[in-house]
Amino acid sequence: MNNNINSIKEEALQEITKADTLSQLEAARIKFLGKKGKVSDLLEKMKKMTPDEKPLFGKQVNSLKVSIQAGIAEAKKSLEQKSERLCSFVDKIDITLPGLKKKLGTVHPITQTIEDVVAIFRDMGFSFADGPDIETEFNNFDALNTPEDHPSRDLQDTFYLENGSLLRTQTSPVQIRVMMSKKPPIQIIAPGRVYRNDTPDATHGHTFHQIEGLYVDKKVSFADLKGVLHSCARQLMGKDVKIRFRPHFFPFTEPSVEYDFSCVMCGGKGCKICKNSGWIEISGAGMVDPRVYEKVGYDPEKYSGYAFGLGIERIAMIKYGIDDLRLFYENDERFLNQFA
Ligand SMILES: [Zn+2]
């Protein structure tokens, strides 16, 4: 057979095999069998041949044409079957079935409470401050005017590490870190985890969260403290909540108070949650003790300021009506999903 005819046949069969779609197959058919296709070219050439050459060449071109036609027919059939199989598979998909739901995590109620409180104080001009969980005895006790023989320093209250440092028992050391690093005015809010050597029960944990607030400037008064705490209480618990100060003692504030929110459950009338008192104890606060200013190098004659703490678990328990704080740490999805 003519070499040229042979190579056209090979080329044609290759393109037919490669065709993945009916339109690709049609393009191959036009290229080889169309009016201006390669087979027509060969028939044009035959016109110039001698009468002796024509019969054999004609026979070979005809055979080429038949082979290409057969190849195309076979490929077409196979492509059609493939498309039918795909259609029947698609038909079996029930697009009315609901999709697969992905489980989404949620913000933990403790994290949510911290974020809520921080946002409230940010709106009042406080900036965020942070400190490490492992502290020095100086930052956690000495600089906060806590005497050597104070019971909170006891091994039964504080976790000490082998190198003499400790797990902070309060977020107050952040006050010391901030005051030692810059001059007033200082207005910070510092949330964090704190540790006490306590046996866990429904209202106590060995690890819990506090938010520390500190405001130091010229002429800061006790009334300012009451103002910000009342504003925080209203934003957290609703506009009708009241706040009350009770005299107390803390080494690092003078005067010191414990402060309560009026019970939002009973509106102050008295109920089980507030133990019929109408008030719920929140945390401690006071004016920064001048001795703390001396430790951090501030002039107590020039500056005054207040500090307060806020127990996050306590706030979350009141806000969400939870009577056992251990629930926050058991990671039971049934509990946590309620806050989604
Ligand atoms: Zn009550």
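In this report, the structure presented in the accompanying data block is examined. (Residues numbered from 1 in each chain as written. Predicted model: local features only at pLDDT ≥ 70, side-chain atom pairs only at ≥ 80, totals over all residues. Heavy atoms only, no water.)

1. Focus: the nonpolar core
Then comes step 1: In this structure, Phe 121, Tyr 259, Phe 261, Phe 308 and Leu 310 are the most contacted members of the largest nonpolar core, which totals 44 residues.
Then comes step 2: Where this core is concerned, the elements lending two or more residues are helix H5 (109–123), helix H8 (222–237), strand E6 (243–250), strand E7 (253–262), strand E8 (279–288), strand E9 (304–311), helix H10 (312–320) and helix H11 (333–336).
Then comes step 3: Take this core: its biggest share by element is 7 residues, from H8.
Then comes step 4: Counting 21 residues, the second-largest nonpolar core is a separate cluster that includes Val 178, Phe 252, Tyr 293 and Tyr 298. (Core = buried A, V, L, I, M, F, W, Y, C linked by side-chain atoms within 4.5 Å. Buried < 20%, exposed > 50% of the residue type's maximum accessible area, 1.4 Å probe, protein only. Helix = DSSP H or I, 4+ residues; strand = E, 2+ residues; numbered from the N terminus.)

2. With respect to the coordination of the zinc ion
Geometry reference: four tetrahedral donors at a metal, ideal angle 109.5 degrees. Six octahedral donors, ideal angles 90 or 180 degrees.
Then comes step 1: At the metal site, the zinc ion is ligated by Cys 263 (SG), Cys 266 (SG), Cys 271 (SG) and Cys 274 (SG), and these contacts range over 2.2 to 2.3 Å.
Then comes step 2: Of the residues examined, Cys 274 reaches a relative accessible area of 3% and is grouped as buried. (Donors = N, O, S within 2.8 Å, 3.2 Å for Na, K, Ca; no water.)

3. Overview of the pattern of salt bridges
Then comes step 1: Under the counting rule described, the total for this entry stands at 15 salt bridges.
Then comes step 2: The shortest N-O distance in the salt bridge between Asp 332 and Arg 334 comes to 2.6 Å.
Then comes step 3: On the basis of relative accessible area, Arg 334 is assigned to the exposed category, the value being 68%.
Then comes step 4: One network of salt bridges, with partners in common, ties together Glu 11, Glu 15, Lys 31 and Lys 38. (Salt bridge = Lys/Arg side-chain N within 4 Å of Asp/Glu carboxyl O.)

4. Looking at the environment of Glu 26
Then comes step 1: For Glu 26, the position within the fold is in helix H2 (residues 22–33).
Then comes step 2: Along the backbone, Glu 26 and Lys 76 are 50 residues apart, and their C-alpha atoms lie at a distance of 9.2 Å.
Then comes step 3: Here the side chain of Glu 26 touches Arg 29 through a polar contact of 3.0 Å, side chain to side chain. (Polar contact = N/O pair within 3.5 Å; in protein donor to acceptor, adjacent residues only side chain to side chain.)

5. Side note on the packing of aromatic side chains
Then comes step 1: All chains considered together, the criterion is met by 15 aromatic pairs.
Then comes step 2: Taken together, a centroid distance of 6.0 Å and an interplanar angle of 70° make the contact between Phe 328 and Phe 335 edge-to-face. Assigned by exposure class, Phe 328 and Phe 335 land together as buried.
Then comes step 3: Through a chain of ring-to-ring contacts, the aromatic side chains of Phe 121, Phe 126, Tyr 215, Tyr 306 and Phe 308 assemble into a single cluster.
Then comes step 4: Residue placement shows Lys 226 over the ring face of Phe 245; its charged tip is 5.3 Å from the ring centre. (Phe/Tyr/Trp six-rings, centres within 6.5 Å; stacked < 30°, edge-to-face > 60°. Lys NZ or Arg CZ within 6 Å of the ring centre and 35° of its normal.)

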